[in-house]
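# Structural overview
What follows is each chain in one-letter form.
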Amino acid sequence: MGHIINGKQIAAQTQVSITERIEAFTAETGVKPGLTVVLVGEDQASQVYVRNKEKRAVAAGINSAVIRLEATTSEAELLAVVEQLNQAEEVHGILVQLPLPKTIDADKVLDRISPLKDVDGFHPINVGNLAIGKEAFVPCTPAGIIRLIKSTGETIAGKEAVVVGRSNIVGKPVAQLLLQENATVTIAHSRTTDLAAVTKRADILVVATGLAKFIKKEHLKPGAIVIDVGMDRDENNRLCGDVDFDDCIDVAGYLTPVPGGVGPMTITMLLENTLISAERHTN
Ligand SMILES: NC(=O)C1=CN([C@@H]2O[C@H](COP(=O)(O)OP(=O)(O)OC[C@H]3O[C@@H](n4cnc5c(N)ncnc54)[C@H](OP(=O)(O)O)[C@@H]3O)[C@@H](O)[C@H]2O)C=CC1
Ligand SMILES: Nc1nc(=O)c2c([nH]1)NC[C@@H]1CN(c3ccc(C(=O)N[C@@H](CCC(=O)O)C(=O)O)cc3)C=[N+]21
Ligand SMILES: [Mg+2]
């Protein structure tokens, strides 16, 4: 029987120490870290994330704001909002919730967020700095994944790590971080021939496909650390991951559940990035 990695608990514990750092920072400087989330349209899933983020940011001592814009908002209007936030002194972190409506060019919007306020780590400057090993805002989901892997007490260096998925927001940056931790990294995707042969090599398997219960025990090396990034819906419209939890839990060494795994840790990392940004803007 594999161990369940309790992301919810680890996220809460990590938030305690971030909250203490924020209290000390605010006591010393008189500045409250500020995070503004921009939500365009009514994407159901995004509404849930935004609500969770706001609650936890406020609890951590962060000045949290949400700008809700109609789905019909034009690209020019959104760019103007971003520009205003870039200029606003009390705003240290800007997060534009993805996906954006198809009428808006998301890359263009991400380009316009000040890299110094880009707490998502999605701006090309931060992506580039991460790739060359310089200081950067590290994307929250990948950063949280590394923390969850480390929580097992297993070492990453020298291990075979396989990432399934190559998106800019999860697959590619988590592969970069695993490489920085000295894992031997393979990235698989929809054009991979014989996926199971690749994933079976993994001591550490990170899955970010968006395909409900896609990974089965046949994909796993016994004892592997398995990180499930998916936020999917099963046949009963219940939240589930990309990994078939019940099928895999007896073969995996460690497995993250959905919900209660990667998601809560993502939010904790966002709070930490907001604190880091406030410190950089203030010192
Ligand atoms: N918990 C959290 O904090 C977060 C959760 N998520 C969730 O993670 C999941 C992935 O998100 P995201 O990375 O944005 O997804 P994308 O849809 O952007 O990327 C999915 C990736 O999976 C690959 N893929 C699709 N089908 C297969 C297949 N049959 N075999 C192997 N690879 C395949 C795609 O390959 P190709 O490139 O060839 O098309 C692509 O690279 C979603 O469920 C999302 O909701 C996302 C962000 C944060
Ligand atoms: N600019 C941008 N940055 C993101 O980081 C970003 C984004 N856009 N768009 C959407 C994805 C997805 N994402 C999640 C964050 C937290 C949970 C989360 O808190 N999940 C909880 C609760 C889920 C629930 O109850 O519905 C859990 O898994 O236990 C999930 C998903 C961030 N993303
Ligand atoms: Mg995507």
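Reading the values: the criteria
- Each chain has its residues counted from 1, running along the sequence as written.
- Written order decides the labels, with chains lettered from A and ligands numbered from 1.
- Given that this is a predicted model, residues contribute local features only at a pLDDT of at least 70 and side-chain atom pairs are listed and counted only at 80 or more, while totals for whole chains, interfaces and linings are drawn from all residues.
- UniProt positions are given in the numbering used here, feature names are shortened, and annotations may be inferred rather than shown by experiment.
- Nearness between a residue and a molecule or strand is assessed with a C-beta atom placed from the backbone; a distance within 6 Å qualifies.
- Put simply, DSSP H or I for four residues or longer makes a helix, DSSP E for two residues or longer makes a strand, and each gets a number counted from the N terminus.
- Throughout, the ten residues Ala, Val, Leu, Ile, Met, Phe, Trp, Tyr, Cys and Pro are labelled nonpolar, Asp, Glu, Lys and Arg are labelled charged, and all others, Gly among them, are labelled polar.
- A strand pair is defined by DSSP finding two or more bridges across the two strands.
- Helix axes are fitted to C-alpha atoms over the stretch in contact, other axes to C-alpha atoms as well, and angles between N-to-C directions run from 0 to 180 degrees.

The protein chain appears in an unreviewed UniProt entry as Bifunctional protein FolD from Brochothrix campestris FSL F6-1037. The Subunit (unreviewed entry) comment attached to the protein chain in UniProt states, word for word, "Homodimer." Heading Sequence similarities (unreviewed entry) of the UniProt record for the protein chain holds this comment: "Belongs to the tetrahydrofolate dehydrogenase/cyclohydrolase family."

### Some points on the site of ligand 1
The local shell around ligand 1 holds 25 residues, among which Gly165, Ser167, Ser190, Met231 and Thr266 are the closest. The dominant element in the shell around ligand 1, judged by the number of residues it contributes, is helix 10 (residues 262-282), at three residues. Along the lines of polarity and charge, the residues of the shell around ligand 1 split into 10 nonpolar, 12 polar and three charged.

### Let's talk about the sheet that holds strand 3 (residues 63-69)
Strand order in this open sheet of three strands is 3-2-4, and the pairing throughout is parallel. Edge positions in the sheet fall to strand 3 and strand 4 (93-96), since each of these pairs with one other strand and no more. Ignoring strand direction, the axes of neighbouring strands in this sheet form an average angle of 15 degrees. Bridge count between strand 2 (residues 34-40) and strand 4: four bridges; the pairing is parallel. Bridging from a neighbouring strand, leucine 35 pairs with glycine 93 of strand 4.

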